[in-house]
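Coordinate analysis (summary)
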Amino acid sequence: MKTEIVTTKPIEGQKPGTSGLRKKTRMFMAPGYVENFVQAIFNAIGGAAGKTFVVGGDGRFFNAAAIQTILRMAAANGAVRVIVGQNGLLSTPAASHLIRLHGTDGGMILSASHNPGGVDQDFGLKFNTANGGPAPENVTEAIFAHTRTVDSYRILKSGDLDLSTPGAQSLGTMTVDVVDPVQDYQALMETLFDFDKIRKMLANGFTLRFDAMHAVTGPYAKAVLEGALGAPDGTVLNAIPSEDFGGGHPDPNPVWAKTLMDLMMSEAAPDFGAASDGDGDRNMIVGRGLYITPSDSLAVLAANAHLAPGYAAGLAGVARSMPTSRASDRVAERIGIRHYETPTGWKFFGNLLDAGLVTLCGEESAGTGSDHVREKDGLWAVLLWLNILAERKVSVAEIMTDHWRTYGRDYYSRHDYEAVPSEIAERLMADLRARLTDLAGQSFAGQTVSAADEFSYTDPVDGTVSSNQGIRITFEGDARSVLRLSGTGTEGTTLRVYLEQYAPPSADHKRHTQEALIGVRNAVAEISGVATLTGRTQPDVMT
Ligand code: G1P
Ligand code: ZN
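Residues numbered from 1 in each chain as written. Chains lettered and ligands numbered in written order. Predicted model: local features only at pLDDT ≥ 70, side-chain atom pairs only at ≥ 80, totals over all residues. Heavy atoms only, no water.

1. Quick word on helix H2 (residues 33–44)
- With twelve residues, H2 should cover 16 Å at 1.5 Å per step; its first-to-last C-alpha distance of 17 Å lies within 8% of that length.
- Most of H2 sits out of view: ten of its twelve residues are buried.
- Among the residues of H2, those classed as buried are Tyr33, Val34, Glu35, Asn36, Phe37, Val38, Gln39, Ala40, Ile41 and Phe42. (Helix = DSSP H or I, 4+ residues; strand = E, 2+ residues; numbered from the N terminus. Expected span 1.5 Å × (residues − 1). Buried < 20%, exposed > 50% of the residue type's maximum accessible area, 1.4 Å probe, protein only.)

2. Focus: the pairing of strand S25 (residues 479–485)
- Of all seven residues in S25, seven are buried; the element is thus mostly enclosed.
- Of the two faces of S25, the one carrying Ala479, Ser481, Leu483 and Leu485 and the one carrying Arg480, Val482 and Arg484 are both buried.
- The pairing of strand S24 (residues 471–475) with S25 spans five bridges and is antiparallel. Within S25, the residue paired with Arg472 across the bridge is Val482.
- Between S24 and S25, which pair antiparallel one after the other, the connecting turn spans three residues, and Gly477 there sits at a positive phi close to 90 degrees. (Pairing = 2+ DSSP bridges.)

3. A short note on the sheet that holds strand S12 (residues 272–276)
- The strand order across the open sheet formed by five strands is S11-S10-S12-S13-S14, and the pairing between neighbours is mixed. Strand pairing shows two members of the sheet lacking a second neighbour, strand S11 (236–237) and strand S14 (290–292), which therefore form its edges.
- Running over the sheet, helix H13 (residues 378–392) touches strand S10 (208–211), S12, strand S13 (283–287) and S14 and is turned about 165 degrees from S12. (Contact = heavy atoms within 4.5 Å. Axes fitted to C-alpha atoms, helices over the stretch in contact; angles between N-to-C directions.)

4. Quick look at the site of ligand 1
- Within the structure, ligand 1 sits among 15 residues, and Ser365, Ser486, Gly487, Thr488 and Arg496 are positioned closest to it.
- The contact in question runs from an oxygen atom of ligand 1 to an N or O atom on the side chain of Ser365, over 2.6 Å.
- At 2.6 Å from an oxygen atom of ligand 1 is found a main-chain nitrogen or oxygen belonging to Gly487.
- Looking at side-chain class alone, the shell around ligand 1 contains no nonpolar, eight polar and seven charged residues. (Near = heavy atom within 4 Å. Polar contact = N/O pair within 3.5 Å; in protein donor to acceptor, adjacent residues only side chain to side chain. Nonpolar A, V, L, I, M, F, W, Y, C, P; charged D, E, K, R; others polar.)

Read these as layout, nothing more, since geometry by itself doesn't imply function.
Structure follows, in structure tokens:
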């Protein structure tokens, strides 16, 4: 087989965002696009020669074709071995685990996470480093720099490999190992959780539904929940991954997982409901009649993780992204463990986990995880909840009521203004930034600002400073709002406005969330001028 060296020119718009490079699928399909980016990755990490990688994706449209290109390029760049999921499928947490298990030099994950899939939808490609986590900023910056200078790429002239059967095959001098995507991941879960206890709870009549949203966790949830744990057939909904996720948004939140939400709010609700996203790293947890916000879920898991065998020794600490509510801080303070506030994006947790400073991490955007891998992990969160429920033998609602009575409740909601013209979104943030230092002490819609700043993070392990990570405004009466621009959108800019209001242990915890947040919401609307600037009086999505 012959290696071709193809002359190429830099392509605009290959700057990786919060979680890798994410663009419209057609852009990725343009001639040379994937090739340029993949060559830039190899160039940025000092070449692929002699290296081993993991490759897999969430099965969305163009996944299979992009993987064939990556394999041919890895071979032509001198890689010795690539481990690839059967049929090109690997959930993001399973890919992270395989990188760590086999000690590879990293991996490439193909996904646009919870964004819809299809020729007119979204695609993504992300490089993870040898610790199994998303490349840190210095690496993504280096990759971006190489996309600007790349002038040729190396690719093997060869046909497509058949990835449908596990086993080893050769591609030039490189070995391609096709592996069952579920097996090693399931084995890891069995070391962390008490499968016997969960199995008994299910055998005793505890009921659940898991919505895989036509995405990658279908096979994982089938094998673990219906297989190993013995839940009845039909427990996993939408279990077969499809290239366009059944035409939906594989985003596990009350808006996009509406069918499951409706079931959970009905008379026929099972004891527990959960959903995961396109690539299996996000989760939604719902009890009978009660949605659990991701911020609360992180706090509950932090307070109860020791009930699962994998965390019986207690937690080193807990980290949350800055816009995530402060509920997990309250737990950490009470049980006396470290807590950290990091910028948005899972990559910021990597150093804290590697250094053993924290055990659990979470983001308000339905991501929760631990030091078992270096990605957030949807099914892991579901299993930890189930393990806790099997130990405590109470309902999800009772766990929450008890939690709020102990720590207080952080009412929480995120309001998204989608596809705002970028210059308007930038102007809104710039205007606000210019006024930040004057805000303290002023009142807006009856709420007095106690502090306002722009979040800047210094990594406690390597000292890297990440500035401009979002604007934080706190109000008297323990309310807080965060404003930031999304780094994962593919059309215009998404403005995210995060709202929270604390209610202490003795307060009423049964209020409607949006009502409990009306004060801070009105104040932020007035401060930011969002309606005037964007012409929108309502957000597009409230989660
Ligand atoms: C969003 C979430 C963020 C998450 C990222 C990748 O990023 O807000 O928490 O890490 O997706 O899943 P954003 O679009 O806000 O930049
Ligand atoms: Zn995801």
